[in-house]
Each structure stands twice: as C-alpha cells, then as structure tokens.
Amino acid sequence: MLEGSSESSSFRKVQFNKGKSKSLHPPIETYWQLTPPQEEYKWFSWFRFNFKNMLSYPLKLQGSIKKTGKSQGLRLVLEGTHDPKDEKNVESFRELLLLEGQLPLKHNDYHTLLRFLRRRDFDLMKAKESYLQYLKWLEEYGVDMIIREFKFEEYGEVKKLYPHGYHGVDRYGRPVYIEKLGLVDLNALLQITTIDRFVKYHVSEKEKTLRWRFPACSIAAKKHIASTVSILDVKDVGMANFSKPARYLFMEIQKIDSSYYPETMHQLFIVNAGSGFKFLWKALKAFLDTRTLAKIQVLGSNYKSNLVEVIDPSNLPSFLGGNCTCSENGGCLLSDKGPWTDPEITGMLQALYSEEECNNGEMNSITGNQALISYVDNIQIKDVYDVVPTVDKGDRQIGKTDVADRPSLLLKTGAFEDALKDAKIKIQKLESAIDDIKLVSGTARTCRAYRRVKKMKYGK
C-alpha cells in the first residue's frame, strides 16, 4: 500500500537531502524505453501488421512463431531494454545464487532480481538475504495457491466500506491506484471479512498487477512499465482512525509491500491532509524506509495541479479534480479502468501466454501463464477507449481498434490457439512416421548386409 509531478523531479528534490543514509535511484523504468520517440509510429505499425497477419494465417506461421510477428514484438516490450550496469549487477547476483545452490527455477528473471538489488543498494549479500526471505514467504504463504484458488466473495461489500481501486494510467503509462481512506468504516469492514482474508486479497491484487496490469500497460505504452502511481485521499483522517486493528492491518500490508514487492511504487500522493492527519503522519513515517519516503508527497486541499502534472484529467476521477466519472460502471473506483481490461490487449496477452504454455509445457517462471489465463477468464472485460491517449497520423490512430473489430479479433485469437494445438499434434504424428521409416530402412540395410556376408562365406 505504501512502498513515488514530473518523471524525475521528485527524485532530484530528495537526492541531495542531507542526513539520508540510503542512496536513491532513478525511476525503475529509466532505461526501459524500447524505441526512440521518432521511431514509435513505425515500430507500432509493424507490430500491429504482423500480429493481425498471424491471426489471419496461423498455419503458415507455425514454423517461425518464435522469430516473427506478435510474439517477438510483445516479448521486446515486456522485457524492455536493460541498462548495461544493471545487467552486469544482475548477472553477478545470479552467479552468486547459482554458486551457492540457491537459484530457484522460478522467480529468477532479470526484473525480479533487479528489484531486490535496488532495494539493497546493489549490495549482493544483503540483496541475497532479502531475496531468499521472499522465496521462503512465497512458499509458506502459499502465493501460487492464492492466485489460483482464492476467491474474495465479499469483494463488492468491501468496496463500499473501503473505497479503493485501480483507475487508468499516468502520463508515462503506469497504472494509477486510488484509496479514499477518509471513507473507510473499519468496524463494519471487519464484520464482513477478516484481516487475514483482506491481506490475502491484497496479495492477489499485487500479483495481478505484476503479472497482468504491468504487461498490459507496457503494451499500451509501447515501453516497459514496472511501477505504479498511488493516490491516498485522507480527508477527515486523524489519530482516531488509527485504532489497534487499523495499526495491525497497516503493519501487515506495509511489511508485505516493502519486503516482497520492492521498487513497484513510483510515486505516492497523499491528498486532503488536514491537521489531524499531519499529526498522525509523524508517527507513520517511523515505519517507512528512506527510499519510500522520498517517493511520497503529502498535500493539502490544493493538490489538483500536482496530480494533473502527472496524470491526464481523462484518467483522473472527478472527485480528485479530473474529468472521469465512470458513471456506466457505478463510479471510478468500481470500474478497474485501464489497458488491462482492453479486449485487444488482453487478446494479445492471452495468445502469448497460450503459446508459451505450448512451447514450455509448464508455467513460465516470469509471468505465471496459467495463473494469468485463469485471472483474465474471471475478470469482466470492458471496452476502454480513453485510457491511453492516441496519436493521430493522418487518418490513422495508434493504440485503438474499431469496436466492431474487437469481437472478431478475439475469435481469431481462439482460432490461432486451436491451430497451434492442431499443428503440434500433426508434428508429433510426422515424427512418429519418420521413426517408423528409419526402423524399416535400418531393417532393410541389415538384411542386405546379412546376404553379403553369407555370399562371402558360402559363395551363394
């Protein structure tokens, strides 16, 4: 929940502050711009052209699916461009874990290792300690099981008593998370759920963000996205709100976010902070590390300009000074509006994850494909057209597909997946036939050799 204006203005403000013991790093996406701005249109046009061709002619591409079109383009975006210095540090970290027999088969991808290195200021031994604690927590807390099986049936009621949710993206393309803490009724909340269940729900949402929202935002923004912007509305919040259950819930979530999901928050705005909250904030700051505090801005009631600088008004709810109401969805915090609910993008991700399932025969260690497919099957897909600003190029627009094209796109995606499965069966049959031919050919050669030996020995 707590883990940070312009892309680097807040970083510049705090990096020279005296008395800070920890070093501060630039935004985690700094080196992950895939293509220069002037090449963006050319690249995305190529990407969409190849993806649509793959959907139209899946059988023709079964032999080169890893080399061209959608798969290659998506992987380039999702992986991003690595900073050489970071890449060297990650490689050293990986070698250390491997030499000590502590490199797992899962959760060992570049971006996960980099997050733990950044958390510990690239100290390999400290990063290793944090990373191993993370792996232990994943197993003991049963995170994979939570992703697959946890059902938060009280979700609707919880939303009424604890208004929160993801809503749109910032100007860079990061998902925006919002809470209205002043409206939380914790006593009523604990009548319909428990702290344990709420924390599990929180973990499931963090995993969905890592595994689904970030990839979807990356595709929409055409660059790697790996962090969020959060807004906490603390109107009327004071010491009276910080009861014993509230303190316990805060501590549990804070521990999980800082220890197991480090470097996933780009910036946090706390708005409508009155005198009561400012007094409370002095106590809360003691639980937050230096790097997290550097990402937080505490603002009073004149916060609109700060938010609009970072988030376009079309992606900002009206109660925070923006233009969006999401009236068709019952309000902005109930809409889950974002690229992760755009049918075209979800179709791309589903096709990619299905392909990787076919290629690997098991869950991918980076994306958790089956869990992602299970997640997207359970969400309600909404048509979202104003999440990412479009760029006009004559009569063409980047980032949109006509409404009428969307159902056909998903149908073609299904046909594409069926064709892959059919191709795999045919390849297996072909390999079996080749083995039979080799067997027959080998038998024939053996018979001819026997006859030659017999002729030499007996002259027949």
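Every chain begins its residue count from 1, and numbering advances along the sequence as written. In keeping with the predicted nature of the model, local features appear solely for residues at pLDDT of at least 70, side-chain atom pairs appear and are counted solely at 80 or more, and the whole-chain, interface and lining totals rest on all residues. In computing side-chain properties, one takes all heavy atoms of the structure into account and sets aside hydrogens as well as water.

Draft legend 1. Here's a closer look at the overall build of the chain. The helix and strand inventory of the chain stands at 18 helices and 7 strands. Looking at the chain as a whole, 50% of its 460 residues qualify as buried. Put simply, the chain shows about 23400 Å² of open surface, and 54% of that area lies on carbon and sulfur atoms. A run of H or I in DSSP becomes a helix once it reaches four residues, and a run of E becomes a strand once it reaches two; helices and strands are each numbered from the N terminus. Using a 1.4 Å probe on the protein chains alone, a residue whose accessible area is under 20% of its type maximum counts as buried, one over 50% counts as exposed, and one in between counts as partly exposed. For every accessible area listed, the method is Shrake-Rupley and the probe measures 1.4 Å; residues are considered covered only by the protein chains on display.

Draft legend 2. Broad picture of the confidence of the model for the chain. Here the chain averages 77 in pLDDT, while 63% of its residues score no lower than 70. Summary of the metric used: pLDDT quantifies the predictor's per-residue confidence within the range 0 to 100. Contacts: residue pairs with any heavy atoms within 4.5 Å of one another. Note on residues 32-68: pLDDT is under 50 here. Beyond four places in sequence and across chains, it has 72 contacts.

Draft legend 3. Region of the structure containing helix α12 (residues 275-284). When α12 is considered as a whole, its buried residues turn out to be Phe-277, Leu-280, Trp-281 and Leu-284. On an axial view of α12, the arc spanned by its buried residues comes to 110°, and they lie on one face. With respect to the buried face of α12, the exposed residues turned more than 90 degrees away are Ser-275, Phe-279 and Lys-282. On its buried side, α12 packs onto α11 (244-260), β4 (265-271), α13 (290-294) and β5 (296-298). Each C-beta atom gives one direction from the helix axis, and the arc is the one those directions make.

Draft legend 4. Structural context of the sheet that holds strand β3 (residues 228-233). Read across the sheet, 5 strands follow the order β1-β2-β3-β4-β5 without closing on themselves; strand pairing throughout is mixed. Edge positions in the sheet fall to β1 (164-169) and β5, since each of these pairs with one other strand and no more. Taken pair by pair, the neighbouring strands of this sheet meet at an average axis angle of 20°, ignoring direction. Strands pair, by our definition, only if DSSP identifies at least two bridges between them. The sheet contact formed by strand β2 (residues 175-180) and β3 spans 5 bridges and is parallel. Bridging across to β3, Ile-178 finds its partner in Ile-231. Contacting β1, β2 and β3, helix α10 (residues 195-221) crosses the sheet at an angle of about 10° to β1. Axis definition: a line fit to C-alpha positions, over the contact stretch in the case of helices; interaxial angles, taken between N-to-C directions, run 0 to 180 degrees.

Draft legend 5. Up close: the pairing of β4. Across the 7 residues of β4, 7 count as buried, placing the element largely inside the fold. Here 6 bridges tie β3 to β4, and the two strands are oriented parallel to one another. When the sheet's bridge partners are listed, Val-229 is paired in β4 with Gln-267. Handedness of the crossover joining β3 and β4 through α11: right-handed. Where β4 and β5 come together, 3 bridges link them in parallel fashion. Across the sheet, residue Phe-269 finds its bridge partner in β5, namely Gln-297. Throughout, right-handed denotes a crossover for which the path from the first strand over the helix to the second runs clockwise when the strands point away from the viewer.

Draft legend 6. Just the state of the cysteines, in detail. Cysteine sulfur pairs qualify as disulfides if the two atoms are within 2.5 Å. Across all of its chains, the model carries 0 disulfides by this definition. Among the cysteines around Cys-324, which has no disulfide bond, Cys-326 carries the closest sulfur, lying 3.4 Å off.

Draft legend 7. Representation of the nonpolar core. Counting 35 residues, the largest nonpolar core has Phe-93, Tyr-131, Tyr-134, Trp-137, Phe-198, Leu-249 and Ile-256 as its most contacted members. Elements supplying a minimum of two residues to this core: α4 (84-99), α5 (110-119), α6 (124-141), α7 (143-149), α8 (155-161), α9 (186-192), α10 and α11. In terms of residue count, α6 provides more of this core than any other element does, 6 residues in total. When sequence neighbours within four positions are dropped, the list of residues in contact with Tyr-131 reads Phe-93, Leu-97, Pro-104, Lys-106, His-107, Asn-108, Thr-112, Leu-113 and Phe-116. Counting 20 residues, the second-largest nonpolar core is a separate cluster that includes Val-169, Ala-216, Ile-345 and Tyr-353. In this description, a nonpolar core means a group of buried Ala, Val, Leu, Ile, Met, Phe, Trp, Tyr and Cys residues linked to one another through side-chain atoms lying within 4.5 Å.

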